Amino acid sequence: MKPPPEPGELRERALRLLARREHSRAELARKLERAGFVRGDIAPLLDAFEAKNWLSDRRFAESYVADHRARAGSVKLAYDLRQRGVGDSIIESVLGDNRDSELDRAREVWRKKFVTAPADAAEKAKQMRFLQSRGFTPEVIRRAISGGND
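The following paragraphs examine the structure supplied in this document. The shown structure was predicted, so the numbers you read here are calculated from the model rather than taken from an experiment.

**Comments concerning the overall build of the protein**
- Along the backbone of the protein there are nine helices and zero strands.
- When the helices and strands of the protein are read in sequence order from the N terminus, they spell out α-α-α-α-α-α-α-α-α.
- A globule of 150 residues ought to have a C-alpha radius of gyration of about 15 Å, yet the protein, at 20 Å, is considerably larger.
- Across its three principal directions, the C-alpha atoms of the protein cover 65 × 35 × 20 Å.
- Evaluated residue by residue, the protein yields a buried proportion of 36% over its 150 residues.
- Within the protein, counting contacts between residues at least 6 apart in sequence, those at least 24 apart form 61% of the total.
- Side-chain charges of the protein comprise 31 positive and 24 negative groups, with the mean position of each set lying 4 Å from the other.

**Digging into the side chain of Ser 24**
- Structurally, Ser 24 is set in the loop between helix 1 (9–20) and helix 2 (25–34).
- Among the residues examined, Ser 24 registers a relative accessible area of 0% and is labelled buried.
- For Ser 24, the residues in contact, after removing those within four places along its chain, are Leu 55, Asp 57, Phe 60, Arg 84 and Val 86.

**Side note on the side chain of Glu 27**
- Positionally, Glu 27 belongs in helix 2.
- You can call Glu 27 buried: its relative accessible area is 8%.
- For Glu 27, the contacting residues outside a window of four places in its chain are Arg 21, Glu 22, Phe 60 and Arg 84.

**Some remarks on the environment of Ala 26**
- Here Ala 26 is to be found in helix 2.
- Sequence-wise, Ala 26 and Asp 57 are 31 residues apart; in three dimensions their C-alpha atoms are separated by 8.9 Å.
- Those residues within four positions of Ala 26 in sequence are excluded, and the remaining contacts are Arg 84 and Gly 85.

**Considerations on the pattern of salt bridges**
- Tallied over the full model, the rule gives eleven salt bridges.
- Between Arg 82 and Asp 88 there is a salt bridge; the shortest N-O distance is 2.7 Å.
- When its relative accessible area of 45% is taken as the criterion, Asp 88 is described as partly exposed.
- Residue Arg 142 pairs with Glu 139 through a salt bridge whose shortest N-O separation is 2.7 Å. Of this pair, Arg 142 and Glu 139 both sit in helix 9 (residues 138–146), three residues apart, roughly one helical turn.
- Through salt bridges with shared partners, a single network forms among Arg 21, Glu 27 and Arg 84.

Cut-off values and rules
Residues numbered from 1 in each chain as written. Predicted model: local features only at pLDDT ≥ 70, side-chain atom pairs only at ≥ 80, totals over all residues. Heavy atoms only, no water. Helix = DSSP H or I, 4+ residues; strand = E, 2+ residues; numbered from the N terminus. Rg over C-alpha atoms; globule rule 2.2 N^0.38 Å. Buried < 20%, exposed > 50% of the residue type's maximum accessible area, 1.4 Å probe, protein only. Contact = heavy atoms within 4.5 Å. Lys, Arg positive; Asp, Glu negative; His and termini not counted. Charge placed at Lys NZ, Arg CZ, Asp CG, Glu CD. Salt bridge = Lys/Arg side-chain N within 4 Å of Asp/Glu carboxyl O.

Structure (C-alpha coordinates):
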(Lines give C-alpha, C1' and ligand atoms only; values in the text may rest on other atoms or scores of the structure.)
Protein backbone atom coordinates (compact mmCIF):
# COMPACT_ATOMS: atom_id res chain seq x y z
CA MET A 1 0.00 0.00 0.00
CA LYS A 2 1.23 3.43 -0.93
CA PRO A 3 2.05 5.85 1.92
CA PRO A 4 -0.14 8.97 2.22
CA PRO A 5 1.12 11.98 0.27
CA GLU A 6 3.08 14.72 1.95
CA PRO A 7 1.07 17.92 2.62
CA GLY A 8 3.61 19.92 0.57
CA GLU A 9 2.75 17.84 -2.49
CA LEU A 10 -0.84 19.10 -2.55
CA ARG A 11 -0.13 22.36 -4.36
CA GLU A 12 2.11 20.68 -6.94
CA ARG A 13 -0.43 17.92 -7.61
CA ALA A 14 -3.24 20.43 -8.06
CA LEU A 15 -1.14 22.55 -10.43
CA ARG A 16 -0.18 19.49 -12.48
CA LEU A 17 -3.83 18.55 -12.86
CA LEU A 18 -4.76 22.09 -13.90
CA ALA A 19 -1.87 22.24 -16.36
CA ARG A 20 -3.33 19.30 -18.28
CA ARG A 21 -6.85 20.71 -18.64
CA GLU A 22 -9.45 22.88 -16.94
CA HIS A 23 -11.20 21.32 -13.93
CA SER A 24 -14.23 22.36 -11.92
CA ARG A 25 -13.60 23.01 -8.25
CA ALA A 26 -15.56 19.92 -7.21
CA GLU A 27 -13.79 17.73 -9.75
CA LEU A 28 -10.34 18.89 -8.64
CA ALA A 29 -11.21 18.46 -4.96
CA ARG A 30 -12.49 14.93 -5.65
CA LYS A 31 -9.28 13.97 -7.48
CA LEU A 32 -7.10 15.37 -4.71
CA GLU A 33 -9.10 13.54 -2.03
CA ARG A 34 -8.76 10.28 -3.97
CA ALA A 35 -5.00 10.87 -4.08
CA GLY A 36 -5.02 10.82 -0.28
CA PHE A 37 -4.87 14.50 0.63
CA VAL A 38 -6.84 15.77 3.62
CA ARG A 39 -10.10 17.54 2.80
CA GLY A 40 -9.32 20.33 5.29
CA ASP A 41 -6.12 21.20 3.38
CA ILE A 42 -7.76 21.12 -0.05
CA ALA A 43 -10.43 23.81 0.43
CA PRO A 44 -8.06 26.67 1.39
CA LEU A 45 -5.76 25.80 -1.50
CA LEU A 46 -8.64 25.84 -3.99
CA ASP A 47 -9.83 29.16 -2.53
CA ALA A 48 -6.38 30.60 -3.21
CA PHE A 49 -6.38 29.18 -6.74
CA GLU A 50 -9.78 30.77 -7.43
CA ALA A 51 -8.55 34.12 -6.05
CA LYS A 52 -5.64 33.98 -8.51
CA ASN A 53 -8.03 32.88 -11.30
CA TRP A 54 -6.10 29.63 -11.77
CA LEU A 55 -9.30 27.70 -11.09
CA SER A 56 -12.65 28.77 -12.52
CA ASP A 57 -15.89 26.80 -12.82
CA ARG A 58 -17.04 29.18 -15.56
CA ARG A 59 -13.87 28.69 -17.59
CA PHE A 60 -14.17 24.93 -17.08
CA ALA A 61 -17.80 24.98 -18.26
CA GLU A 62 -16.94 27.02 -21.36
CA SER A 63 -14.10 24.66 -22.21
CA TYR A 64 -16.23 21.56 -21.64
CA VAL A 65 -19.08 22.87 -23.80
CA ALA A 66 -16.67 23.86 -26.58
CA ASP A 67 -15.17 20.36 -26.57
CA HIS A 68 -18.47 18.45 -26.43
CA ARG A 69 -21.12 20.55 -28.18
CA ALA A 70 -20.56 18.97 -31.60
CA ARG A 71 -21.77 15.63 -30.23
CA ALA A 72 -24.28 16.58 -27.55
CA GLY A 73 -27.32 18.74 -26.96
CA SER A 74 -27.84 21.24 -24.19
CA VAL A 75 -29.73 18.78 -21.97
CA LYS A 76 -26.79 16.34 -21.91
CA LEU A 77 -24.23 19.12 -21.56
CA ALA A 78 -26.10 20.58 -18.58
CA TYR A 79 -26.33 17.15 -16.96
CA ASP A 80 -22.61 16.48 -17.48
CA LEU A 81 -21.66 19.86 -16.03
CA ARG A 82 -23.88 19.32 -12.96
CA GLN A 83 -22.20 15.94 -12.44
CA ARG A 84 -18.86 17.77 -12.39
CA GLY A 85 -20.03 20.20 -9.71
CA VAL A 86 -20.76 23.30 -11.82
CA GLY A 87 -23.55 25.52 -10.50
CA ASP A 88 -26.82 26.05 -12.37
CA SER A 89 -26.26 29.79 -12.88
CA ILE A 90 -22.96 29.14 -14.67
CA ILE A 91 -24.52 26.33 -16.72
CA GLU A 92 -27.42 28.53 -17.83
CA SER A 93 -25.08 31.35 -18.74
CA VAL A 94 -22.67 29.18 -20.74
CA LEU A 95 -25.36 27.15 -22.50
CA GLY A 96 -27.41 30.28 -23.21
CA ASP A 97 -24.60 31.43 -25.47
CA ASN A 98 -24.92 28.21 -27.51
CA ARG A 99 -28.72 27.93 -27.89
CA ASP A 100 -28.66 29.50 -31.37
CA SER A 101 -26.62 26.65 -32.81
CA GLU A 102 -28.57 23.82 -31.13
CA LEU A 103 -30.72 23.02 -34.18
CA ASP A 104 -27.72 23.12 -36.53
CA ARG A 105 -25.77 20.81 -34.23
CA ALA A 106 -28.70 18.38 -33.98
CA ARG A 107 -28.99 18.29 -37.77
CA GLU A 108 -25.27 17.64 -38.13
CA VAL A 109 -25.34 14.78 -35.59
CA TRP A 110 -28.41 13.37 -37.35
CA ARG A 111 -26.80 13.60 -40.83
CA LYS A 112 -23.64 11.83 -39.69
CA LYS A 113 -25.64 8.92 -38.33
CA PHE A 114 -28.60 8.53 -40.70
CA VAL A 115 -28.02 10.47 -43.96
CA THR A 116 -31.63 10.01 -45.17
CA ALA A 117 -35.02 10.96 -43.75
CA PRO A 118 -36.98 8.21 -41.96
CA ALA A 119 -39.08 6.03 -44.26
CA ASP A 120 -41.68 5.02 -41.68
CA ALA A 121 -42.80 5.64 -38.12
CA ALA A 122 -40.47 2.99 -36.66
CA GLU A 123 -37.43 4.51 -38.35
CA LYS A 124 -38.49 7.99 -37.23
CA ALA A 125 -38.82 6.78 -33.63
CA LYS A 126 -35.35 5.21 -33.84
CA GLN A 127 -33.83 8.44 -35.12
CA MET A 128 -35.62 10.49 -32.47
CA ARG A 129 -34.39 8.17 -29.68
CA PHE A 130 -30.85 8.52 -30.99
CA LEU A 131 -30.99 12.33 -30.88
CA GLN A 132 -32.67 12.22 -27.48
CA SER A 133 -29.82 10.06 -26.15
CA ARG A 134 -27.44 12.76 -27.34
CA GLY A 135 -29.24 15.30 -25.17
CA PHE A 136 -31.30 17.30 -27.63
CA THR A 137 -34.75 18.60 -26.65
CA PRO A 138 -37.89 17.12 -28.25
CA GLU A 139 -38.60 20.36 -30.13
CA VAL A 140 -35.10 20.49 -31.61
CA ILE A 141 -35.30 16.79 -32.50
CA ARG A 142 -38.61 17.23 -34.30
CA ARG A 143 -37.29 20.20 -36.28
CA ALA A 144 -33.98 18.49 -37.08
CA ILE A 145 -35.59 15.36 -38.49
CA SER A 146 -38.41 17.10 -40.35
CA GLY A 147 -36.03 19.64 -41.90
CA GLY A 148 -33.00 17.40 -42.05
CA ASN A 149 -33.30 16.75 -45.76
CA ASP A 150 -33.18 20.39 -46.92
